[in-house]
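# Structural characterization, general
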Amino acid sequence: YKAMKISIIIPVYNEAKTVEEVVKRVEAVNIDKEIIAVDDGSTDGSLDVLTGIANEGRIKLIKHNKNSGKGAAIKTGLKAANGDIVIIQDADLETDPQDYYNLTKPIISGETKAVFGYRTIKKPTSVYWWGGKLVSFFTFFLYGGNVKDVNNGYKVMTRELWLDLNLQSDRFQICEEITAKLLKRKEKIIQVPTKYFPRTKKQGKKLGFKDGVVSIWTLLKFRFLS
């Protein structure tokens, strides 16, 4: 394997309870890395937590003055990233950074430029899970390419490919845009199972029914309008 530097972008919006633990878990992964946190206009003290961590020199911190969305935070992070590979890491403890080894392996070995995680869960009962399945079905219907989990927590690509996609979406539908563009380009996506610890709405889950509608509209838009 050739040595590659990994940039980890953590979009943060009102995750004061979990973000410090997420950073610790990312730090514990034994790879050459930089951690970029983008605070997306948090109002709950997340920025104070991140500022403390940044002052210790552990992360690069960028802040949005107002909430602009996960997609906007990812695009901001990409501008600052200088690793060979870029991973998006949610700030909510639903995923496990120890999965990075398996997620980056196919890129480091030159097998592909794009890896998606797909969430493995023992009892798929939640409405989010089935909503995700519906979005994945729609993706297959419109684009082919059997992406198991479009809205998974982990999208991992070479920095070059990230930048080449010229991403437009500002909110959660950036996942659909990324997937649509990769499938349209016939880019090879390797899919890797990842651990998943779902949160409820009460614990801070932010997605709702409206996001599902926007997801499907985004898939239609990139298939037929752009």
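To keep things clear, this report deals only with the structure shown in the data block.

Criteria and thresholds
- Here the residue index of a chain counts from 1 through its sequence in written order.
- Only residues with pLDDT of at least 70 are given local features in this predicted model, and only at 80 or more are side-chain atom pairs given and counted; all residues enter the totals for whole chains, interfaces and linings.
- With hydrogens and water stripped out, all remaining heavy atoms of the structure feed into the side-chain values.
- For two strands to be treated as a pair, DSSP must find at least two bridges joining them.
- Where helices and strands are cited, they refer to DSSP runs of H or I of at least four residues and of E of at least two residues respectively, numbered from the N terminus.
- Residues belong to one nonpolar core when they are buried, are Ala, Val, Leu, Ile, Met, Phe, Trp, Tyr or Cys, and are joined through side-chain atoms within 4.5 Å.
- In this scheme, a residue with accessible area under 20% of its type's maximum is buried, one over 50% is exposed, and one in between is partly exposed, where area comes from a 1.4 Å probe on protein chains only.
- Note on definitions: a residue-residue contact is assigned when non-hydrogen atoms from the two residues lie within 4.5 Å.
- For salt bridges, the criterion is a side-chain nitrogen of Lys or Arg within 4 Å of an Asp or Glu carboxyl oxygen.
- Pairing of aromatic rings covers Phe, Tyr and Trp, the last through its six-membered ring, and needs centres within 6.5 Å; plane angles under 30 degrees mean stacked, over 60 mean edge-to-face, and all others mean tilted.
- Charges are assigned to positions over rings by a cutoff of 6 Å between ring centre and Lys NZ or Arg CZ, combined with an angular limit of 35 degrees from the ring normal.
- Orientation is described by axes fitted as lines to C-alpha atoms, over the contacting stretch for helices, and by angles from 0 to 180 degrees between their N-to-C directions.
- We call two N or O atoms a polar contact when they sit within 3.5 Å, provided that within protein one can donate a hydrogen and the other can accept it, with sequence-adjacent residues counted only if both atoms are side-chain atoms.

Moving on, we get to the pairing of strand β6 (residues 155–158). Note: strand β4 (residues 85–88) against β6, 3 bridges, orientation antiparallel. Following the sheet pairing, Val86 is matched in β6 by Met157. When strand β5 (residues 114–120) meets β6, the two strands line up antiparallel, connected through 3 bridges. Across the sheet, Ala114 pairs through a bridge with Met157, a residue of β6.

Looking now at the nonpolar core. Generally speaking, a soluble globular protein has its nonpolar side chains buried in company with each other. If you look at the biggest cluster of nonpolar residues, it comprises 29 residues, and the most contacted ones within it are Met157, Trp162, Ile178 and Leu182. Those elements that provide at least two residues to this core are β2 (33–40), α3 (70–80), β4, β5, α5 (127–143), α6 (159–164), α7 (174–184) and α8 (209–224). At 5 residues, the largest contribution of residues to this core is made by α7. Those residues in contact with Ile178 that sit more than four places away from it in its chain are Phe116, Lys155, Met157, Trp162, Leu165 and Leu167. Judged by nonpolar contacts, the second largest core, of 27 residues, contains Val29, Ile59, Ile107 and Val192.

Attention now goes to the pattern of salt bridges. By the definition in use, this model includes 12 salt bridges. A salt bridge links Lys70 to Asp90, with the shortest nitrogen-to-oxygen separation between them at 2.9 Å. Taken together, the positions of Lys70 in helix α3 and Asp90 in the loop between β4 and α4 (100–108) put the pair 20 residues apart, joining distant regions of the chain. For Asp90, a relative accessible area of 16% gives the class buried. Between Arg185 and Asp164 there is a salt bridge, with the nearest N and O atoms lying 2.9 Å from each other. Taken together, the residues Arg185 in the loop between α7 and β7 (189–195) and Asp164 in helix α6 connect sequence positions 21 residues apart. For Arg185, a relative accessible area of 37% gives the class partly exposed. Classification of Asp164 by relative accessible area gives partly exposed; the value is 49%.

Our focus in this paragraph is the packing of aromatic side chains. Under the definition given, this model contains 2 aromatic pairs. Their ring planes at 80° and their centres at 5.8 Å tell us that Tyr100 and Tyr154 sit as a pair that is edge-to-face. Here Tyr100, found in helix α4, pairs with Tyr154, found in the loop between α5 and β6; they are 54 residues apart in sequence, far enough to count as distant. Both residues of the pair, Tyr100 and Tyr154, belong to the buried class. In this structure, Lys148 packs its charged tip against the face of Tyr118, placed 4.7 Å from the ring centre. One residue, Lys155, lies across the ring of Phe116, its end atom 4.7 Å from the ring centre.

This part is about the packing of helix α1 (residues 19–27) against helix α2 (residues 46–55). The interhelical angle for the contact between α1 and α2, taken along N-to-C directions, is 35°, at an axis separation of 9 Å. Residues Val19, Glu20 and Val23 of α1 touch α2, and the partners they reach there are Val49, Leu50 and Ile53.

Take the side chain of Ser7 next. The residue Ser7 is located in strand β1 (residues 6–12) in this model. Looking at Ser7, its side chain comes within polar contact range of the side chain of Glu34, at 2.5 Å. Of note is the side chain of Ser7, whose polar atom sits 2.7 Å from the backbone nitrogen of Gly83. When sequence neighbours within four positions are dropped, the list of residues in contact with Ser7 reads Glu34, Ala81, Asn82, Gly83, Ile85, Val86 and Ile87.

The next thing to look at is α3. In terms of burial, α3 is largely enclosed, as 9 of its 11 residues are buried. Within the span of α3, buried status applies to Lys70, Gly71, Ala72, Ala73, Ile74, Lys75, Thr76, Gly77 and Leu78. Looking at the buried positions of α3, the neighbouring elements they touch are β1, β2, β3 (60–64), β4, α6 and α7.

Glancing now at the sheet that holds β2. The mixed open sheet is built from 7 strands, whose spatial order is β3-β2-β1-β4-β6-β5-β7. Because the sheet does not close on itself, it has two edges, and the strands there are β3 and β7. Strand-to-strand, the axes of this sheet are offset by a mean angle of 20°, without reference to chain direction. When β2 meets β3, the two strands line up parallel, connected through 5 bridges. Counterpart to Ala37 in the pairing with β3 is Leu61.

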